[in-house]
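# Geometric and topological summary
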Amino acid sequence: MTPPTPTTGIRFGTAYYWEYQRTPDLERDLDLMARAKIDTIRVGESVWSTWEPRDGVFALDWMTPVLDAAHERGMKVLLGTPTYAVPPWLQRKHPELAVVRADGRRIPWGARQEIDFTSPVFLRYAERVIRAVVGEHGGHPAVLGVQLDNEPGLHLIHNEPVFERFKTWLARRYGGVERLNAEWGLTYWSHRLAGWDELWRPEGNTTPSYDLAWRTFQAELTTEFIAWQARLVRELVPGDRALTTCLAYQRPALHDVRLSEHLTVTSGNAYYLPQDALVHDDGDAPAEISWFTTTPAGLFQAADRMYASRQDRFWVTETNATSIAGSQLNLPPYDGQLRQAAWALVARGAEMISYWHWHTLPYGAETYWGGILGHAPEPGRVYDEIAALGAELERAAGDLTGLTPDADVGFLYSHESKWALTFQPPLTLDGRSPDPDSYERVMAAFYQGAADAGRQAAFMAPTQFKRLPMIVAPALYCLSGEFAGELEAYVRDGGHLILTFRTGYADEEARARTEIAPGPLRALAGVRYLEYSTLLKPVPLRWSGGQDVARHWADGLEPEGAEPLARYDHPHFGRWPAITRNRVGAGTVTYVGTLPGRRLMAELFRSAAPDPGRLVVADAPEVSVRSAVNAGGERLWFAHNWSGRKTTVTLTGPATEVTGPREPLRPGPLRLAPFEVRVVR
């Protein structure tokens, strides 16, 4: 697809909905934005009932003053298709379009994304409004691109026509029911099918392979819907317009890599809890990864996931201006945290930072999602900080153009493994109930370890595999024999592979392998295991660097050539090593059979490979250092102080500061104030 028009520096934006305001003042709003160096606004994606107040009756001119005013100020506009929030007249006319949940009940209208977007009836209405809105405004000179829908993949759709499509999808994939019976093990509990009409509905399903297929199918529906919009919009706009959608990465029916193949640029949400949740913490809890993140590592992880969708630079179409979530969670950022977060996202490949949103709404579900301006639409501390950041980004534009983040550790992210471990989670939070977020918990714990060791990470799907010095495969449960062979070749050629419990335990159908674990990785890892255990309480670990703890899980590893690195200090589990290392060809495999504490986890990454040479070296654990190379081939270093106390980093060579006066910096200590960021090249 045609890429978006190249830009210099970083786009700086906000979502702007003057149609929501009780007393709109367009000229004042855009003047305030221009003063804050905001150069991009996002409009129109949430208001189908404004675009089409009655069936077939369109009102399109109200957006023209916004586009014209933006153009007069040299600002660009991201125009949205309004298909994720349908008008009342449509749901009343076609109540059968309401999404059916797994429990068989229809989602009542009154929020958003309640409609079965796969229905041909819905698609006719959607095409009509898209052609009207984009056909009218997509060619305006202010329009940078079109956002297709918004945050797709919210629901697993159980409507009867979707279920019938699923049966057709299965028939294409497996051929006949006899093969399906064999692949899914449907002899169990008398589930064998005599014909496709006997397939039971997903809401009653207990078969893991069925659930994985259902999740895969649902994600394909989401991809298909966005691809359909992309083809339609491309007919209506000039070829230089970007096509994107705002991704919420935890949506259950989303495969971001496959969906992003139909976009010219990936866009997504980068929400985080600020205040003390964004301060460096020495505790063992990993980042919370949900629709928002916690901790500095969680913020970096969110950015790295966005980069991985296309293995390219991305747009942040929504991030905090101030408080996020409901009326009970009011956490405006501490001084400096907005700047910290923005520079962290830029360091990992963001080429747009756009705030949700300009003006805090006085009504609606998001009344307490704070904007750059509050309910009283007067500039305050948040506006002033964002304006200062906008000016800083503008001054640094030449240095920030085309930044490609560095990475020395790759994290394999498997949507299929995530879905399978949502259905059959390995971890528990309370000692009894399954934790459906087990996959993300394991991923976040290892990512935190890499971050604590000062390593820079890049995510990749198995289909995007690239050979970095170190690759981590956290809970890569659904592993094909073919990809196991690719991992072996990587190690034999000199790579360092970190495997974890549950990696390779199942095949592509989410079937537990009927061979000694870890199955096709056994010889590579130099270990085997025949049993494993949930750990209902932490178990002490002994290793050469001292003591730590094992949490949540223990594989009973039996070395077959691998060297034990850490052992359980326990009368039962002590017979087994918790972590091993094996040399294979020119490379190394580290197997981690538990979730170690942060200290040992960081040491694993430090010992796995020597620390790469850096211009900027952190002097304290609360400091993170990331780097990226710009379009001119210059490497920039981003030093963050994630604490409320002063600290330093060490420059190992001469540098020039990007975020301050362009004066030469000599080797030696560089001071960081509380919650400060300094960028040098």
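Look a little higher up for the structure.
Attention now moves to the overall build of the chain. Broken down by element type, the chain carries 18 helices and 30 strands. Computed over the C-alpha atoms, the radius of gyration of the chain is 26 Å, within 12% of the 26 Å expected from 2.2 N^0.38 for a compact globule of 681 residues. Each of the three principal axes of the chain carries a C-alpha extent, and together these read 75 × 75 × 45 Å. The buried share of the chain, taken over its 681 residues, is 61%. Counting contacts in the chain only where the partners sit at least 6 residues apart, residues at least 24 apart contribute 71% of the total. When the accessible surface of the chain is summed, it comes to about 25,600 Å², and 51% of that surface belongs to carbon and sulfur atoms.

Moving on, we get to the sheet that holds strand β11 (residues 409-412). Strand pairing in a sheet is mediated by backbone hydrogen bonds. Such pairs are either parallel or antiparallel. Here ten strands make up an open sheet; going across it, the order is β12-β11-β13-β14-β21-β20-β19-β16-β17-β22 and the pairing mixed. Each edge of the open sheet carries a strand with a single partner, namely β12 (457-460) and β22 (595-596). Summarising the sheet, strand β16 (residues 532-543) and strand β17 (residues 546-555) pair through nine bridges and their orientation is antiparallel. Looking at β17, one finds that Arg 542 is bridged to Gln 547. This element, helix α18 (residues 598-608), spans β11, β13 (470-473), β14 (496-500), β16, β17, β19 (563-568), β20 (577-584), β21 (587-592) and β22 of the sheet and lies at about 5° to β20.

With 15 residues, helix α12 (residues 381-395) ought to run about 21 Å at 1.5 Å a step, and its terminal C-alpha atoms sit 21 Å apart, in line with that. When we look at burial in α12, the residues that qualify are Val 382, Tyr 383, Glu 385, Ile 386, Ala 387, Leu 389, Gly 390, Glu 392 and Leu 393. On its buried face, α12 is in contact with β1 (11-15), α1 (26-35), α11 (337-347), β9 (350-355) and α13 (397-400).

Across all of its chains, the model carries 43 aromatic pairs by this definition. Here Tyr 413 and Tyr 439 contribute two aromatic rings whose centre-to-centre distance is 5.4 Å and whose plane-to-plane angle is 85°, an arrangement assigned as edge-to-face. In this pair, Tyr 413 sits in the loop between β11 and α14 (415-423) while Tyr 439 sits in helix α15 (residues 438-452), placing the two residues 26 residues apart along the sequence. Look at Tyr 413 and you get buried, because its relative accessible area is 4%. Summarising the aromatic geometry, the rings of Tyr 413 and Phe 459 are spaced 6.2 Å apart at their centres and angled 75° between planes, so their arrangement reads as edge-to-face. One end of the pair, Tyr 413, is in the loop between β11 and α14; the other, Phe 459, is in strand β12, with 46 residues separating them in the sequence. For Phe 459, a relative accessible area of 1% gives the class buried. Each member of the aromatic cluster is reached from another via a ring pair, and the members are Phe 166, Trp 169, Tyr 174, Trp 184, Trp 200, Tyr 210, Trp 214 and Phe 217. Sitting above the plane of the Phe 163 ring, Arg 201 keeps its charged end 5.0 Å from the centroid.

Bringing the packing of helix α5 (residues 120-137) against helix α8 (residues 208-236) into the picture now. Where α5 contacts α8, the two axes come as close as 10 Å, and the packing angle between them is 35°. As α5 packs across α8, the resulting crossing turns out to be right-handed. Along the contact surface, α5 presents Phe 122, Leu 123, Ala 126, Glu 127, Ile 130, Arg 131, Val 134 and Gly 135, while α8 presents Phe 225, Trp 228, Gln 229, Leu 232, Val 233, Glu 235 and Leu 236.

What follows concerns the sheet that holds strand β29 (residues 668-672). Within the open sheet, the three strands sit side by side as β23-β26-β29. Their pairing is antiparallel. Here the strands that pair on one side only, and so sit at the sheet edges, are β23 (616-618) and β29. Looking at each pair of strands side by side, their axes are set apart by 35° on average, direction ignored. Across five bridges, the pairing between strand β26 (residues 647-651) and β29 is antiparallel. The residue of β29 that forms the bridge with Thr 648 is Arg 671.

Calculation notes
Residues numbered from 1 in each chain as written. Predicted model: local features only at pLDDT ≥ 70, side-chain atom pairs only at ≥ 80, totals over all residues. Heavy atoms only, no water. Helix = DSSP H or I, 4+ residues; strand = E, 2+ residues; numbered from the N terminus. Rg over C-alpha atoms; globule rule 2.2 N^0.38 Å. Buried < 20%, exposed > 50% of the residue type's maximum accessible area, 1.4 Å probe, protein only. Contact = heavy atoms within 4.5 Å. Areas by Shrake-Rupley, 256 points an atom, 1.4 Å probe, with all protein chains shown as cover. Pairing = 2+ DSSP bridges. Axes fitted to C-alpha atoms, helices over the stretch in contact; angles between N-to-C directions. Expected span 1.5 Å × (residues − 1). Phe/Tyr/Trp six-rings, centres within 6.5 Å; stacked < 30°, edge-to-face > 60°. Lys NZ or Arg CZ within 6 Å of the ring centre and 35° of its normal. Left-handed = near helix turned anticlockwise from the far one by under 90°.

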